[in-house]
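What follows is the residue order along each chain.
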Amino acid sequence: MSDNLETAPATGSLADRITKPDESNPTDTSNVSAAPKEDGASAPAQGSANLEEPDYTVAVKLSDLQADPNNPLFSVKSFEDLGLDPRILKGLSTMNFRKPSKVQERALPLLMSNPPKNLVGQSQSGTGKTAAFVLNILSRLDLSTEQLQMTPQALILAPTRELARQIVGVIQIMGQFLDGLIIGTAVPADSNARPSKMDCSVVVGTPGTVQDMIKKRIMNPIGLKVLVLDEADNMLDQQGLGDQCIRAKAMIPRNVQIVLFSATFPAHVYRYAGKFAPAANEITLQHEELTVEGIKQLYMDCSTEEEKYQNLVQLYGLLTVGSSIIFVRTRASAVEIEKRMVAEGHTVASLTGGVEGSQRDAIIDSFRSGEAKVLITTNVLARGIDVSTVSLVVNYDIPEEYSGGQRTNTPDYQTYLHRIGRTGRFGRIGVAISFVSNRNEWDMLRKIQEHFQCIIDRIDTSDWDEVEEMIKKTIKNTRAQADFVQTN
Ligand SMILES: Nc1ncnc2c1ncn2[C@@H]1O[C@H](COP(=O)(O)OP(=O)(O)OP(=O)(O)O)[C@@H](O)[C@H]1O
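Owing to the predicted nature of the structure, the values given are computational and were not obtained by experimental measurement.

**A closer look at the overall build of the chain**
A tally of regular secondary structure across the chain gives 17 helices and 17 strands. Looking at the 488 residues of the chain, the share that counts as buried comes to 61%. Residue pairs in contact within the chain that sit at least 24 positions apart in sequence constitute 79% of those at least 6 positions apart. Accessible surface, the chain as shown: approximately 18500 Å² in total, 47% of it carbon and sulfur.

This is the structure we're talking about:
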């Protein structure tokens, strides 16, 4: 069962122990200056202020959301009020960021105060945690000499190469007016590439690669002032990347500011987070607060595994309305579904941990650019990936906890939340459909509803025209919660 399980950024999943594709190759780095250039980083995310996009995305007025005190995007202050350097404000304005979100407004004063304090920060998916930690880092850099520009002052660790590259893209654009800012990417290289020295001001990488680089003196950690763990619950989980992060932390100066961010902090990791980041300021949420209002959650009854596939094919027309991500449990099924759909004339791509570095980069980049509109993947892309055009997420398999390499029939709540959070980003609307083909999956879905106290409505597949109309209407609806969904 476990031989082709995908690396799961999922908290608590033993799949992490089984394969760690991001950490399996020799180290490689690419240092890039902040001026945007062809460095292999994914296209940086642009701001979400202009939500008037084609057909499939609704004209939600971000200003209305940001004026609603109950919305996670709400804020009373401006970026100017937060005391940011004018060059950084200029970067934000090119990204179309007009107002901070709630987590940005709350986290930034805590992060930027002196003497620096640690922070454990939680907020819903797609609410701008990346900008919160990047702005703090950019504010703390001293780029006054060439030597300082080439000495790592901040280190960001992320669970996957895709997320690390995405963060590099954000720093590049946010920091584009900071002269002398150099950003290094530390992710596993294709097998014969030689790592280059980390002569840069900020390093973003995966923990195993960074650790390896420090050990081999490719990266000098002595000047580090800030350490960020993005997707921190996954990074600290002993069953995930925990060991590697602990080892990496042991190699860097003791007095660095430690910043932990995630949408999820399950209790057992949260307790540990307090040890990893002692005396930290905290911004936390209850699990009932974690679901994002703009994501309409649905499920589809499928009587067999084969019917799951048939339903997916039926949905194809809708999958390509915007961009879509299909999450499956194993690498093997990702590859199999891709092959089968391609053979039937559909255009789909798949990305799993089984694919080599640069090929992975090419796949995610073509998905970001919209060239590939349907991406079949595993938990490897469940967290952090920010592609604003994703309007539909399909849980082909419900995410599940593993124990001793075996399935447990217990839902992996965190991964469910992160997966559906690939849509509905920063006030956008999205639809998440879970396929349910047996009693266990049904039980897991029910538990997910109870855990998050949310409603997951059934889609009636007896009339596909109606299904199509209903999903399209949901995607086009200004607030997903507002209207209907046919249930029975
Ligand atoms: N203040 C802002 N104004 C407009 N857009 C913003 C703002 N802050 C962030 N965004 C945009 O919102 C999107 C989501 O941000 P980000 O990827 O940082 O979310 P996140 O909270 O880290 O989500 P996840 O938990 O899924 O990792 C990005 O496209 C980002 O550019």
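**Focus: the sheet that holds strand β11 (residues 349-351)**
The strand order across the open sheet built from 7 strands is β11-β12-β10-β13-β16-β9-β17, with neighbouring strands paired in parallel fashion. Edge strands, defined here as strands with exactly one partner in the open sheet, are β11 and β17 (457-459). Averaged over all pairs of adjacent strands, the angle between strand axes in this sheet comes to 25 degrees, irrespective of strand direction. Here strand β10 (residues 323-327) pairs with strand β13 (residues 390-395) via 5 bridges, running parallel. Opposite S324, over in β13, you have L392 as the bridge partner. On top of the sheet, helix α13 (residues 331-343) reaches β11 and β12 (374-377); it is set at about 150 degrees to β12, its chief contact.

**Looking at the site of the ligand**
What surrounds the ligand is a group of 23 residues, the closest being K99, G126, K129, T130 and D386. For the ligand, an oxygen atom lies 2.8 Å from a polar atom in the side chain of K129. One nitrogen or oxygen atom from the side chain of D386 is found 2.6 Å from an oxygen atom belonging to the ligand. Broken down by class, the residue content of the shell around the ligand amounts to 6 nonpolar, 11 polar and 6 charged. Each of two domains, domain 1 (58-289) and domain 2 (295-485), supplies a minimum of three residues to the shell around the ligand.

**Points about unusual backbone geometry**
With an omega of -5 degrees, the peptide bond running from N114 to P115 counts as cis. Considering the arrangement of structural elements, one finds P115 in the loop between α4 (102-112) and β2 (119-122). Of note, N96 is a non-glycine position whose phi angle comes to about 75 degrees, a positive value. Its location among the elements puts N96 in the loop between α3 (86-94) and α4. Positioned with a positive phi, A279 is a non-glycine residue whose angle comes to about 50 degrees.

**Points about the UniProt feature "short sequence motif: Q motif" (unreviewed entry) in the chain**
This chain's UniProt record puts "short sequence motif: Q motif" (unreviewed entry) on residues 77-105. End-to-end, the C-alpha atoms of residues 77-105 are 7 Å apart, and along that stretch the chain is 45% helix and 0% strand.

**Quick look at the side chain of S391**
Tracing the sequence through the fold places S391 in strand β13. Residue classification places S391 among the buried residues on the basis of a relative accessible area of 1%. If sequence neighbours within four positions are ignored, S391 has contacts with G322, S323, T423, I429, G430, V431 and I475.

**Brief notes about the packing of aromatic side chains**
Taken as a whole and assessed by the stated rule, the structure comprises 7 aromatic pairs. Both rings, one in F133 and one in F261, keep their centres 6.0 Å apart while their planes meet at 35 degrees; by these two values the pair is tilted. Pair noted here: F133 is in helix α5 (residues 129-140) and F261 is in strand β7 (residues 257-262), with a separation of 128 residues, a long-range link. Both residues of the pair, F133 and F261, belong to the buried class. With a centroid separation of 6.2 Å and 70 degrees between ring planes, the pair formed by F265 and Y270 is classed as edge-to-face. Taking relative accessible area as the criterion, Y270 reaches 26% and is therefore assigned partly exposed.

**Some thoughts on a negative patch on the surface**
Side chains of D463, D465, E466 and E469 sit close together on the surface and give a patch of like negative charge. With respect to the secondary-structure elements, D465 resides in helix α17 (residues 464-476). By relative accessible area, which is 61% here, D465 ends up exposed.

Cut-offs and rules
Residues numbered from 1 in each chain as written. Predicted model: local features only at pLDDT ≥ 70, side-chain atom pairs only at ≥ 80, totals over all residues. Heavy atoms only, no water. Helix = DSSP H or I, 4+ residues; strand = E, 2+ residues; numbered from the N terminus. Buried < 20%, exposed > 50% of the residue type's maximum accessible area, 1.4 Å probe, protein only. Contact = heavy atoms within 4.5 Å. Areas by Shrake-Rupley, 256 points an atom, 1.4 Å probe, with all protein chains shown as cover. Pairing = 2+ DSSP bridges. Axes fitted to C-alpha atoms, helices over the stretch in contact; angles between N-to-C directions. Near = heavy atom within 4 Å. Polar contact = N/O pair within 3.5 Å; in protein donor to acceptor, adjacent residues only side chain to side chain. Nonpolar A, V, L, I, M, F, W, Y, C, P; charged D, E, K, R; others polar. Domains from an automatic or database assignment. UniProt positions renumbered as here; feature names shortened; annotations may be inferred. Phe/Tyr/Trp six-rings, centres within 6.5 Å; stacked < 30°, edge-to-face > 60°. Patch = residues over 30% accessible without salt bridge, like charges linked within 9 Å, V, L, I, M, F, W, Y side chains within 5 Å. Salt bridge = Lys/Arg side-chain N within 4 Å of Asp/Glu carboxyl O. Lys, Arg positive; Asp, Glu negative; His and termini not counted. Charge placed at Lys NZ, Arg CZ, Asp CG, Glu CD.

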